[in-house]
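Examination of the molecular architecture
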Amino acid sequence: MNRLDGKVVLITGAARGIGAATARAMAHEGAKVCLCDILDEHGKALADELQADGAEAMYLHLDVTSEEAWSAVVLQATQRFGGVDVLVNNAGIYLGKSFEEASLADWRRLCDVNLTGAVLGIKALLPSLRERAKSSTHGSAIVNLSSVAGLVGAATDPLYSLTKGGITLLTKALAVDFGQRAYRVRVNSVHPGAVDTEMGAQTFVARAKALGTDDLQTARRQSIDAHPIGRLGTAPDIAQAIVYLASDEASFVTGSSLAVDGGFTAR
Ligand SMILES: NC(=O)c1ccc[n+]([C@@H]2O[C@H](COP(=O)([O-])OP(=O)(O)OC[C@H]3O[C@@H](n4cnc5c(N)ncnc54)[C@H](O)[C@@H]3O)[C@@H](O)[C@H]2O)c1
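Sequence order as written defines residue numbering, which begins from 1 separately in each chain. In keeping with the model being predicted, local features are shown solely for residues with a pLDDT of at least 70 and side-chain atom pairs are shown and tallied solely at 80 or more, while totals for entire chains, interfaces and linings include all residues. Each side-chain value is derived from all of the structure's non-hydrogen atoms; neither hydrogens nor water enter the calculation.

Observations regarding the environment of Gly117
Under the scheme used here, helices are H or I runs from DSSP no shorter than 4 residues and strands are E runs no shorter than 2 residues, and both carry numbers assigned from the N terminus. Mapped onto the secondary structure, Gly117 falls in helix 4 (residues 104–134). Spatially, the C-alpha atom of Gly117 lies 8.4 Å from that of Gly92, the residues being 25 residues apart in sequence. By the convention used here, residues are in contact when the closest approach between their heavy atoms is within 4.5 Å. Aside from chain neighbours lying at most four places away, what touches Gly117 is Val64, Trp70, Asn89 and Asp112.

Examining the pattern of salt bridges
Put simply, a salt bridge is a Lys or Arg side-chain nitrogen that is within 4 Å of an Asp or Glu carboxyl oxygen. Tallied over the entire structure, the rule returns 12 salt bridges. Across the salt bridge formed by Asp85 and Arg132, the nearest N and O atoms sit 2.8 Å from each other. Here Asp85 is found in the loop between helix 3 (67–81) and strand 4 (86–89), whereas its partner Arg132 is found in helix 4, with 47 residues between them in sequence. Between buried and exposed lies partly exposed: a residue is buried under 20% and exposed over 50% of the maximum accessible area for its type, with that area taken using a 1.4 Å probe on protein chains only. With a relative accessible area of 6%, Asp85 lands in the buried category. The partner of Arg221 in a salt bridge is Asp225, with the nearest N and O atoms 3.2 Å apart. Of this pair, Arg221 and Asp225 both sit in helix 7 (residues 216–225), 4 residues apart, which is roughly one turn of that helix.

Brief notes about the packing of aromatic side chains
In this description, an aromatic ring pair is defined by two values, namely the gap between the centres and the angle between the planes. Stacked, edge-to-face and tilted labels apply to pairs of Phe, Tyr and Trp rings (six-membered ring for Trp) whose centres lie within 6.5 Å, assigned for plane angles under 30 degrees, over 60, and everything in between, in that order. In the structure shown here, the tally under the stated rule is 2 aromatic pairs. Here Tyr94 and Tyr160 contribute two aromatic rings whose centre-to-centre distance is 5.0 Å and whose plane-to-plane angle is 70°, an arrangement assigned as edge-to-face. In this pair, Tyr94 sits in the loop between strand 4 and helix 4 while Tyr160 sits in helix 5 (residues 158–180), placing the two residues 66 residues apart along the sequence. Seen from their ring centres, Phe178 and Tyr183 are 5.4 Å apart, and the 35° between their planes marks the pair as tilted. Judged by its relative accessible area of 16%, Tyr183 is buried. In this structure, Arg130 packs its charged tip against the face of Tyr183, placed 3.6 Å from the ring centre. Note on geometry: a ring has a charge over it if NZ (lysine) or CZ (arginine) is within 6 Å of the ring centre and within 35 degrees of the ring normal.

Here we look at the sheet that holds strand 3 (residues 57–61)
Pairing between two strands is assigned when DSSP locates at least 2 bridges connecting them. Pairing is parallel in the open sheet, where 7 strands are placed in the order 3-2-1-4-5-6-7. In this open sheet, the two edge strands, each paired with only one partner strand, are strand 3 and strand 7 (257–260). Looking at each pair of strands side by side, their axes are set apart by 20° on average, direction ignored. Sheet topology note: the strand 2 (residues 32–37)/strand 3 ladder contains 5 bridges and is parallel. Whenever a helix is involved, its axis is fitted only over the stretch in contact; in every case the axis is a line through C-alpha atoms, and angles between N-to-C directions fall within 0 to 180 degrees.

Some points on the site of the ligand
In this text, near means that some heavy atom of the residue lies within 4 Å of the molecule or strand in question. The environment of the ligand is made up of 28 residues, and the closest members are Ile18, Asp37, Asn90, Tyr160 and Thr197. Here a polar contact is taken to be a pair of N or O atoms separated by no more than 3.5 Å, where protein atoms must pair a possible hydrogen donor with a possible acceptor and residues adjacent in sequence count only if both atoms sit in side chains. Side-chain polar atom of Asp63 to a nitrogen atom of the ligand: 3.0 Å apart, as the coordinates give it. Between the ligand and Tyr160, the relevant distance is 2.7 Å, taken from an oxygen atom to a side-chain nitrogen or oxygen of the residue. Note on areas: these come from Shrake-Rupley sampling with a 1.4 Å probe, and a residue is covered only by the protein chains present in the view. Protein chains bury 96% of the 820 Å² of accessible surface belonging to the ligand in isolation. At the level of secondary structure, the elements contributing two or more residues to the shell around the ligand comprise helix 1 (17–28), helix 5 and helix 6 (198–211). No other element matches helix 6, which puts 3 residues into the shell around the ligand.

Points about the packing of helix 3 against helix 4
How two helices sit against one another is set out by the angle between their axes and by the gap between those axes. It is at 9 Å that the axes of helix 3 and helix 4 come closest, and there the two elements cross at 30°. Viewed along their axes, helix 3 and helix 4 adopt a mutual orientation that is roughly parallel. At the point where helix 3 passes helix 4, the crossing takes the right-handed sense. In contact with Glu67, Trp70, Val74 and Phe81 of helix 3, helix 4 contributes Gly117, Leu120, Gly121, Ala124, Leu125 and Arg132. Along the lines of polarity and charge, the residues of the contact of helix 3 with helix 4 split into 6 nonpolar, 2 polar and 2 charged. To sort the angles, those under 35 degrees are grouped as roughly parallel, those over 145 as roughly antiparallel, those from 65 to 115 as roughly perpendicular, and the leftovers as oblique. Handedness of each helix crossing follows the sense of rotation of the near helix against the far helix: counterclockwise by less than a right angle gives left-handed, clockwise gives right-handed. Residue classes follow a fixed rule: Ala, Val, Leu, Ile, Met, Phe, Trp, Tyr, Cys and Pro count as nonpolar, while Asp, Glu, Lys and Arg count as charged, and any other residue, Gly among them, counts as polar.

Digging into unusual backbone geometry
At Ala182, a residue that is not glycine, the phi angle is positive and equals roughly 60°. Here the phi dihedral of Arg184 falls at roughly 65°; this positive angle occurs in a residue that is not glycine. Residue position: Arg184 is located in the loop between helix 5 and strand 6 (185–192). The partly exposed category is assigned to Arg184, whose relative accessible area is 36%.

Treat this as a map of the structure, not an account of what it does.
Next up, the structure:
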């Protein structure tokens, strides 16, 4: 028996990084996986890889900022898999600018992807999540990717921090709301520290800039030193936490903020 046998999961930003590692981990645990992204080549290649390994997987183009695109994806996922049990709102962008540098256009783009994307995803999937919950022992689940920057202030990118703080509290508000309405849809957030992905690399550039240098190795070293465990996170580190929150092992966990950060926020 695998931890996600019989579950249909939809993951945004699944073409690379944490989303791709989550798709691999979930497929390994028996889930049917719907991978969504705007990086079609990478997304299709990963779906092919998972299928070659014997999993049921499908790639769908989805720009999370588009309500119409969400409707189309829900329809396709429902036609193929009969519904969705788990939504992972993972797609996100990083700005890497100080408050004074960031423009209104920057702010709007951050909000569109990091906040509106998650809101639209939950709106689009909620009917399916509720429906599937009726026939499952422990109900459905939403896992939102926040960040340590959604728990404590991130001076290198205050506006990114703001969007991730929004995700932290959207998660808690909906956990309470859906619980009180007896929807049987749990809602939790995951808060990675610095993770070695494309976005992780962008954070080193921002850190170097804030230090007044272009020495990325120094910035990377400083980032590592901010994590008491003494290393950066890996995408699979984060994926395992997402699998746990999506699985029935977490059936009594809702509204929680799970820091997977090597101790970053512990001091
Ligand atoms: N890497 C880190 O250090 C770190 C730390 C904390 C939190 N996070 C969060 O984890 C999540 C994943 O980060 P990652 O490191 O894998 O980043 P990444 O940049 O490697 O991957 C992000 C994915 O999201 C996709 N995406 C971006 N905009 C999209 C859109 N409009 N529609 C659909 N897909 C879109 C990208 O194409 C990409 O595949 C993000 O929400 C990020 O904020 C990352």
